[in-house]
Amino acid sequence: MKKSDICVVAFMYGVCALFFSMTLKLKPAAQIYPKFVISLLAVLTTLYVIKMVMDAKKYGVQNGFDEVFAGFQAQQFFKVVVMILAFVVMLKVFGFYIAAAVFMLITLYLLKVPKLHNIIATVVIIAIVYFAFTEFLGVRLPKGMFF
Amino acid sequence: MTEALTTAQTLSLMGAGFVNALTPLNLLAMAASVTLGIVIGCLPGLSAAMGVALLLPMTFTMEPATGLIVLGGIYCGAIFGGSISAILIHTPGTPASAATALDGYQLTLQGKAGKALATACVSSFFGGLLSCISLYFFAPALAKLAMKFASPENFWLSIFGLTIIAGVSSKSLLKGLMSGALGLILSTIGMDPMEGVKRFQFGQVALYDGINTTCALIGLFSMSQVLILAEKKIKERGNVVAVKDRMMLTWAEFKLITPTILRSWIIGNIIGILPGAGASIACFMGYNEAYRFSKHKEDFGHGSIEGVAGSEAANNAVTGGSLIPMLTLGIPGESVTAVLMGGLIIQGLQPGPELFTRYAPMTYTFFAGFVLIQFFMLAIGLIGSKGFAHISRLSDAILIPCVTVLCVVGSFAIRKNFVDVVLMLIFGMLGYLVRKFDLNPAAIVLALILGPIGERGLRRSLLLSGGNPAILFSTPLCWALIILSVIGIMSPMLMNRLEKKSVVPESPQGDVDNRTEAEVSE
């Protein structure tokens, strides 16, 4: 048994509990199918718990997290995640093209991409999006509050 | 045109398909999509499923046949593209080319990179082309059978689809089934199809029609890949070895690899039709059989063109075969076909018999396009492989923000809705965690697609029988599907045997610099 699997089991039971509580607010006829699939997940998760307990008895308890997150570059990962979230927020404020350019330039800088490659990649990706989505497909991308 | 088609009608549709597929727009779509597919395939950070998911929104405004041709082109191109980096930098672009690296890179070290690339290109072409035969002949027959399906059969069909993908593509059967069940719960979000009441919408009007499948696909396959790349140390890729020899095969070499190509075609085709097995298994089986039948066994692991041909013909032969269960029964056997099914749904089409009756002209245009795609793959591969090799060295540091921008644009473009972007990010994070903890993203996606079909099948059946569940066991087809579902659950054992059987001779270069665990599991 791996300790990391406890997270999986907790997540699955959490989903079951959340959806079950919402199901109870539906009218009775509409409750049947959601209850069926929630029960399915709960039963499968319980079977997995039983398997985990049996494995623990047989092979002992292993950490598992060191395997799941082997070679995890925390700083780099969270920098990218923050930049992605900032990009989505910037989309609403500044519009797609400005937000995308800022996101690309800063993220590539944080990932230590040389300046010239950084600028070329930014220009290329924005040109691709412009010609493929705006010109070819006619998609109107977010304009932002100020533009 | 709702009845099954006669042979004459089918032949006329086949001919008309080629006429429709040969329009300038379709030809341009084939050339562009195959090129894009090869670029995606030869980049070791990206996979075929991810590429198809990422470019899915671009097909939204196209004619359905053109949209499907684009997705088919990316699929075939990506499977072939993986061989370029496998041969030139000893890093398979996709798991489907892992076996190609064994002998392909050895040939490169001997100054025969051109020979290896030409072998990969020609074998991929014939593997893909021959796989179209089964697509043309088996798909309509299976669709005819699917016409007999009513509500109870549809319910069991969705169960069968889920058990097979959850069973085969997961490291743990229970985790695969849990992933499927999680997807089923998520598929209940939105309006109840029978009672007309809102379910689990979290106050979001955008969730009225349920979770947008394309956003979920982009999140689970593309955005999650960004996060997987971001957590690993950015590595410099190996240098591309200059291709000094000609990209050409002699007649004697072509004769040597022909039996291997034919064997690998059959292997790849069967593996493709079997839901759950995929190109990554086929390439090793094709390689293994090439080794078993070869008169030059000593060359294997030291630079054998038969080895390259065995692997490449098999993985491309999977493409046509894998479309059969997806198009006829709506059961995608692996991640890429699950994403391709999203491409059908985005066009408002439902996989099944209607594709071969009501929408037959569109389907046969796609089939003809799929045949022509193979010719584009051969031409572009032979002309451009040297150039694509340099693209394969592109750093993950550059891929991370580029793919993110395309994910955001793609998810926004479908409904021009900001909520879809947020939904894509949520599924991206979910996909990342799912892959880290060995759950199965393909099973989640499939449950999102099959969930509503299964729900309608179950509830309509119970409505017809006045709530008596015996209706679910009332026909021989129901029982056949129940038995297939049980086999689906048992199938991991069969797949393990197939993988164990594919014992590969040891390469003097040691292990191939393979993909990350998560990528392979995909």
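Position labels on residues start from 1 in each chain and follow its written sequence. In the order they appear in the text, chains get letters beginning with A and ligands get numbers beginning with 1. The model is predicted, so local features are restricted to residues of pLDDT at least 70 and side-chain atom pairs to those at 80 or more, both for listing and for counting; the totals for chains, interfaces and linings are taken over all residues. Working from all heavy atoms in the structure, the side-chain values ignore hydrogens and water.

Trainee: Looking at this model, I keep getting lost on the overall build of chain A. Mind explaining?
Mentor: For helices the rule is a DSSP run of H or I covering at least 4 residues; for strands it is a run of E covering at least 2, with both sets numbered from the N terminus onward. A tally of regular secondary structure across chain A gives 6 helices and 0 strands. Secondary structure elements of chain A occur, N-terminal to C-terminal, as α-α-α-α-α-α. As defined in this context, the radius of gyration uses C-alpha atoms, and a globule is described by 2.2 Å times the residue total to the power 0.38. At 24 Å, chain A has a C-alpha radius of gyration far larger than the 15 Å of a compact globule built from 147 residues. Note on exposure labels: buried denotes an accessible area under 20% of the residue type's maximum, exposed denotes more than 50%, and partly exposed covers the range between, all computed with a 1.4 Å probe on protein chains only. Across the 147 residues in chain A, those meeting the buried criterion constitute 39%. Should any heavy atoms of two residues lie within 4.5 Å, those residues are considered in contact. Sequence separation of at least 24 residues holds for 63% of the intrachain contacts in chain A that already meet a minimum separation of 6. Element-wise, carbon and sulfur atoms account for 73% of the exposed surface of chain A, whose accessible area totals about 8,500 Å². Only four residue types enter the tally: Lys and Arg on the positive side, Asp and Glu on the negative side, with His and both chain ends excluded. Taken as the charge centre is NZ of Lys, CZ of Arg, CG of Asp or CD of Glu, depending on the residue. Positive and negative side-chain charges of chain A, numbering 14 and 5 respectively, have mean locations separated by a distance of 12 Å. Under the convention used here, a 1.4 Å probe and the Shrake-Rupley method define accessible areas, while residue burial counts only the protein chains that appear.

Trainee: Help me understand the overall build of chain B in this model?
Mentor: Along chain B, the regular secondary structure elements total 19 helices and 2 strands. Over its C-alpha trace chain B gives a radius of gyration of 22 Å, about what one expects of a compact globule, namely 24 Å for 522 residues. Put simply, 81% of the contacts in chain B that link residues at least 6 apart link residues at least 24 apart. If you sum the accessible surface of chain B, you get close to 18,000 Å²; carbon and sulfur atoms cover 66% of it. Positive and negative charge centroids in chain B, built from 33 and 29 side chains respectively, lie 1 Å apart.

Trainee: Would you explain a nonpolar patch on the surface in this entry?
Mentor: All names here are of chain A. Exposure above 30% relative accessible area and no salt bridge define the residues that can form patches, which grow by joining like charges within 9 Å and nonpolar side chains of Val, Leu, Ile, Met, Phe, Trp and Tyr within 5 Å. Each reported salt bridge corresponds to a side-chain nitrogen of Lys or Arg within 4 Å of a carboxyl oxygen of Asp or Glu. A cluster of nonpolar side chains, contributed by Phe-94, Ile-98, Val-102, Leu-105, Ile-106, Ile-119 and Val-123, occupies part of the molecular surface with about 530 Å² of accessible area. Elements that contribute at least two residues to the nonpolar patch include exactly α5 (96–110) and α6 (115–136). By residue number, the principal contributor to the nonpolar patch is α5, which donates 4 residues. Within the secondary structure, Ile-119 sits in helix α6.

Trainee: What's the story with the packing of aromatic side chains in this structure? I'm lost.
Mentor: Each pair of aromatic rings is reported with the distance of its centres and the angle of its planes. A pair of Phe, Tyr and Trp rings is counted when the ring centres sit within 6.5 Å of each other, with Trp represented by its six-membered ring. The angle between the planes then sorts it: under 30 degrees is stacked, over 60 is edge-to-face, the rest tilted. Within the structure shown, the criterion is met by 29 aromatic pairs over all chains. Geometry around Phe-418 of chain B places Lys-92 of chain A over its ring, the cationic atom sitting 4.7 Å from the centre. Placement of a charge over a ring requires the Lys NZ or Arg CZ to be within 6 Å of the ring centre, with the centre-to-atom vector within 35 degrees of the ring normal.

Trainee: Got a minute to help me understand the confidence of the model for chain A in this structure?
Mentor: Residues shown with low pLDDT carry predicted positions that ought not to be read at fine detail. Values of pLDDT, ranging from 0 to 100, describe the predictor's confidence in every residue of the model. On average, chain A scores 89 in pLDDT, and the residues at 70 or more come to 99%. Across chain A, element-level confidence peaks in α5 of chain A with a mean pLDDT of 94 and bottoms out in helix α3 (residues 65–68) of chain A with 80.

Trainee: What exactly am I supposed to notice about the environment of Phe-254 of chain B here?
Mentor: All names here are of chain B. Along the chain, Phe-254 turns up in helix α10 (residues 251–273). For the pair Phe-254 and Ile-305, spaced 51 residues apart in the sequence, the C-alpha separation amounts to 9.7 Å. Every residue in contact with Phe-254, bar those within four places of it in the chain, is listed here: Val-122 and Phe-126.

Trainee: Got a minute to help me understand the pattern of salt bridges in this structure?
Mentor: When charged atoms on two side chains of opposite charge get close, those side chains can pair. Taken as a whole, this structure holds 13 salt bridges over all chains when the rule is applied. One salt bridge connects Lys-27 of chain A with Glu-195 of chain B, and the closest N-O pair in it is separated by 3.6 Å. Here the residue Lys-27 of chain A occupies a position in the loop between α1 (4–23) and α2 (28–59), and Glu-195 of chain B occupies one in the loop between β1 (190–191) and β2 (198–199), the pair thus bridging two chains. What makes Lys-27 of chain A partly exposed here is its relative accessible area of 41%. Look at Glu-195 of chain B and you get partly exposed, because its relative accessible area is 30%.

Trainee: Before we go on, may I ask you to explain the domain arrangement of chain A in this structure?
Mentor: Many analyses report the size of an interface as the accessible area lost when the parts associate. In terms of domain boundaries, chain A breaks down into domain 1 (4–68) and domain 2 (74–136). An automatic or database domain assignment supplies the start and end points of every domain. Relative placement of domain 1 of chain A and domain 2 of chain A: their C-alpha centres are 38 Å apart.

Trainee: Please clarify how the state of the cysteines should be interpreted in this entry.
Mentor: Here a disulfide denotes one covalent bond, and it connects the sulfur atoms of two cysteines. Residues and elements named next belong to chain B. Cysteine sulfur atoms that come within 2.5 Å of each other are treated as a disulfide pair. For the structure shown, the criterion picks out 0 disulfides over all chains. Free of any disulfide, Cys-42 has its nearest neighbouring cysteine sulfur in Cys-121, separated by 13 Å. Judged by its relative accessible area of 0%, Cys-42 is buried.

Trainee: Help me understand the confidence of the model for chain B, please; the structure alone is not making it clear to me.
Mentor: Scored by pLDDT, chain B comes out at a mean of 84, with 90% of its residues at no less than 70. This stretch, residues 507–522 of chain B, has a pLDDT under 50; its non-local contacts, to residues over four places away or in other chains, come to 52 contacts.

Trainee: Just to check I follow, could you spell out helix α4 (residues 74–94) of chain A for this structure?
Mentor: Along an α-helix, a turn takes 3.6 residues, which lines up residues three or four apart on a common side. All names here are of chain A. Between its first and last C-alpha, α4 extends 29 Å over 21 residues, near the 30 Å set by a 1.5 Å rise per residue. Taken as a whole, α4 has its buried residues at Gln-76, Phe-77, Val-80, Val-81, Met-83, Ile-84, Phe-87, Val-88, Met-90 and Leu-91. Of the residues flanking the end of α4, it is Gly-95, one or two places downstream, whose phi is positive at about 90°. Expected span, for any helix, means 1.5 Å times one less than how many residues it has.

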